[in-house]
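# Fold and geometry: a report
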Amino acid sequence: MIKNICCIGAGYVGGPTMAVIAQKCPHIKVTVVDLNEKRIAAWNDKDVNNIPIYEPGLSDVVAEARGRNLFFSTEVDKAIDEADMIFISVNTPTKTYGVGKGMAADLKYIELCARQIARVAKNDKIVVEKSTLPVRTAQAIKDILDHTGNGVNFQILSNPEFLAEGTAIEDLFAPDRVLIGGDTTTEGQKAIQALVDIYANWVPKDKILTTNVWSSELSKLTANAFLAQRVSSINAMSELCEKTGADVNEVARAIGMDSRIGPKFLKASVGFGGSCFQKDILNLVYIAKTYGLNEVADYWEQVIIMNDHQKRRFAKNIISTLYNTVSGKKIAFLGWAFKKDTNDTRESAAIYVADDLLSEQANIAVFDPKVEEKQVYFDLDYLETRKSEANKSGLVVVDNPYEACKNAHAIAVLTEWDEFATYDWQKIYDGMLKPAFVFDGRNLLNKAALEKIGFVYQAIGS
Ligand code: UPG
């Protein structure tokens, strides 16, 4: 029976997942460690509203378990030493250098974790891959752990996380499934059972799926690839709808009622973002290429190509509609996050649309209910398209949507925040230059109501 869990990495996955395990299993001590002192201090902040991740319901879970059986610490070695089970939940960004640059996952941090565990461990441990990893990473971890020479036995499990941002706690409380991959040996099966027993404290048994390690690793990449592929598929149709007079919302509803297709993930948009979809598909493409499976690689790469196209053509359409020039024109951005209910901006479509418009010398005013100014500039500077000063002079971040839209030529909706639909659109219209354009990248606003006010309204795919 597992009594002591350590999780390396206090980020978007490790933090919420461990908080829920601790809450549901008061008999298990859970310690989340991270080298980042600031982040750990934030997780330990007396005011539970100051924890570093915003997720509905998370602060309640942390408030209940923290100090009881949930701990956040920077003492990595100590936590590894004491644990029977160690989750690795560090980031695996796309490589920015060397072979596989821009495609392969950078496993540097994973390997460092494995080496640290190998150095510290004095008794047998189960090591769980929680980070999304390329298939066969477990082998690398095992190679490192099996050469400690101190007689310690390790079992490696793969237990990918499927939670989505903004609904993390909901997803953890009632997952569609929990996936656990392990060795087919007796010891492997025992390790699998130990992790099954933890989840069984709150997840129905029939939703806990066990497989071999490789299937589990690959299932995670496959799930994200399929989800992203649906978005790119409907986005591809959105462009065709615009040319033919069909309405992509109607098409999505019509096909979604086919039970074999299903209604979810068929919302046309300015393009998908987030930390996972693009990274995981690029990774999949890279793995396929490594095995010489070029058709497989090309097939999945097309999902990314379509997504890039969708972002680009949104920006292009703004420019051409505004009489082929946005130079010196104010354009208001409603939303910067990659989706609603999160302050996460990684790979957000907004970044790329802004980048294109800034290159055309537009003046952008951004309002997002949760994203901070410094993050917006960080995202733009990261692209290295132009100097930091140029980003600062071309774009401002404001904390009021009406101010963002004041004297603007056009409004672009980049994130589907619910509150955008509730604004006083008459007031916004009155403050804008005419004709007043709205480019709704999320098909969120009411076309008829806006047109009645006088807006020139354009949605995606109709
Ligand atoms: N999106 C659309 N149209 C849709 C659905 C989604 O444009 O019909 C966009 C959405 O706006 C966002 C992106 O797709 O930009 C991704 O959305 P979502 O999947 O909700 O967000 P993530 O939090 O990135 O979650 C994904 C998987 C989750 C997985 C996680 C990390 O849904 O299961 O754990 O990535 O791997």
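For the protein, an unreviewed UniProt entry supplies the name UDP-glucose 6-dehydrogenase and the organism Flavobacterium tibetense. According to the UniProt record, the Sequence similarities (unreviewed entry) comment for the protein reads "Belongs to the UDP-glucose/GDP-mannose dehydrogenase family." Quoted verbatim from the Function (unreviewed entry) field of UniProt, the annotation for the protein is "Catalyzes the conversion of UDP-glucose into UDP-glucuronate, one of the precursors of teichuronic acid."

Within the largest apolar cluster, 63 residues are counted, with the highest numbers of intra-cluster contacts made by Phe333, Trp336, Leu357, Leu395 and Trp425. The element best represented in this core is helix H13 (residues 349-359), accounting for seven residues. Counting 46 residues, the second-largest nonpolar core is a separate cluster that includes Ile28, Ile51, Leu70 and Leu163.

Let us look at helix H6 (residues 137-145). For H6, the full list of buried residues reads Thr137, Ala138, Ile141, Ile144 and Leu145. Along H6, the residues classed as buried sweep out an arc of 125 degrees about the axis, all on the same side. Among the structural elements, strand E4 (85-88), helix H5 (108-120), strand E5 (125-129), strand E6 (154-158) and helix H9 (213-244) are those in contact with the buried residues of H6.

Now for the pattern of salt bridges. Summed over the entire model, instances satisfying the criterion amount to 22 salt bridges. Across the salt bridge formed by Glu64 and Arg68, the nearest N and O atoms sit 3.7 Å from each other. Overall, the relative accessible area of 38% leaves Arg68 in the partly exposed class. One salt bridge connects Lys340 with Asp418, and the closest N-O pair in it is separated by 3.0 Å. Separated by 78 residues along the polypeptide, Lys340 in the loop between strand E9 (330-334) and H13 and Asp418 in the loop between strand E12 (410-413) and helix H17 (425-430) bring together distant segments of the chain. Residue Lys340 is classed as partly exposed on the basis of its relative accessible area of 27%. The exposure class of Asp418 is partly exposed, given its relative accessible area of 47%. Connected through salt bridges with shared partners, the residues Lys29, Lys78 and Glu82 form a single ionic network.

In this structure, Gln139 sits in helix H6. On the basis of relative accessible area, Gln139 is assigned to the partly exposed category, the value being 30%.

With that settled, consider the packing of H9 against helix H11 (residues 277-290). Interhelical geometry of H9 versus H11 gives an angle of 115 degrees and a closest axis separation of 9 Å. Pair H9 / H11 crosses with left-handed handedness. For the pair formed by H9 and H11, the contact residues are Leu218, Lys220, Leu221, Asn224, Ala225, Leu227 and Ala228 on the first element and Phe277, Asp280, Ile281, Asn283, Leu284 and Ile287 on the second. Within the contact of H9 with H11, the residues separate by chemical class into nine nonpolar, two polar and two charged.

Looking now at the site of the ligand. In the region of the ligand, 20 residues are neighbours, and Phe162, Leu163, Glu165, Ser269 and Cys276 sit closest. Glu161 places a polar main-chain atom, nitrogen or oxygen, 3.3 Å from an oxygen atom of the ligand. Between the ligand and the protein, one listed contact pairs an oxygen atom with a side-chain N or O atom of Asn224 at 2.8 Å. When the ligand sits alone it has 700 Å² of accessible area, and the protein chains cover 90% of it. Here the shell around the ligand gets four residues from one element, more than from any other, and that element is H9. Its residues placed into classes, the shell around the ligand shows 11 nonpolar, three polar and six charged.

Bringing the pairing of strand E14 (residues 456-459) into the picture now. Burial of E14 is one-sided: the residues Tyr457 and Ala459 facing one way are buried, the residues Val456 and Gln458 facing the other way are not. Relative to E14, strand E13 (residues 437-440) is paired through four bridges, and the arrangement is parallel. Paired with Val438 across the two strands is Tyr457, which belongs to E14. With helix H18 (residues 447-453) bridging E13 and its parallel neighbour E14, the resulting β-α-β unit is right-handed.

Rules used in this analysis
Residues numbered from 1 in each chain as written. Predicted model: local features only at pLDDT ≥ 70, side-chain atom pairs only at ≥ 80, totals over all residues. Heavy atoms only, no water. UniProt positions renumbered as here; feature names shortened; annotations may be inferred. Core = buried A, V, L, I, M, F, W, Y, C linked by side-chain atoms within 4.5 Å. Buried < 20%, exposed > 50% of the residue type's maximum accessible area, 1.4 Å probe, protein only. Helix = DSSP H or I, 4+ residues; strand = E, 2+ residues; numbered from the N terminus. Arc of directions from axis to C-beta. Contact = heavy atoms within 4.5 Å. Salt bridge = Lys/Arg side-chain N within 4 Å of Asp/Glu carboxyl O. Axes fitted to C-alpha atoms, helices over the stretch in contact; angles between N-to-C directions. Left-handed = near helix turned anticlockwise from the far one by under 90°. Nonpolar A, V, L, I, M, F, W, Y, C, P; charged D, E, K, R; others polar. Near = heavy atom within 4 Å. Polar contact = N/O pair within 3.5 Å; in protein donor to acceptor, adjacent residues only side chain to side chain. Areas by Shrake-Rupley, 256 points an atom, 1.4 Å probe, with all protein chains shown as cover. Pairing = 2+ DSSP bridges. Right-handed = clockwise from strand over helix to strand, strands pointing away.

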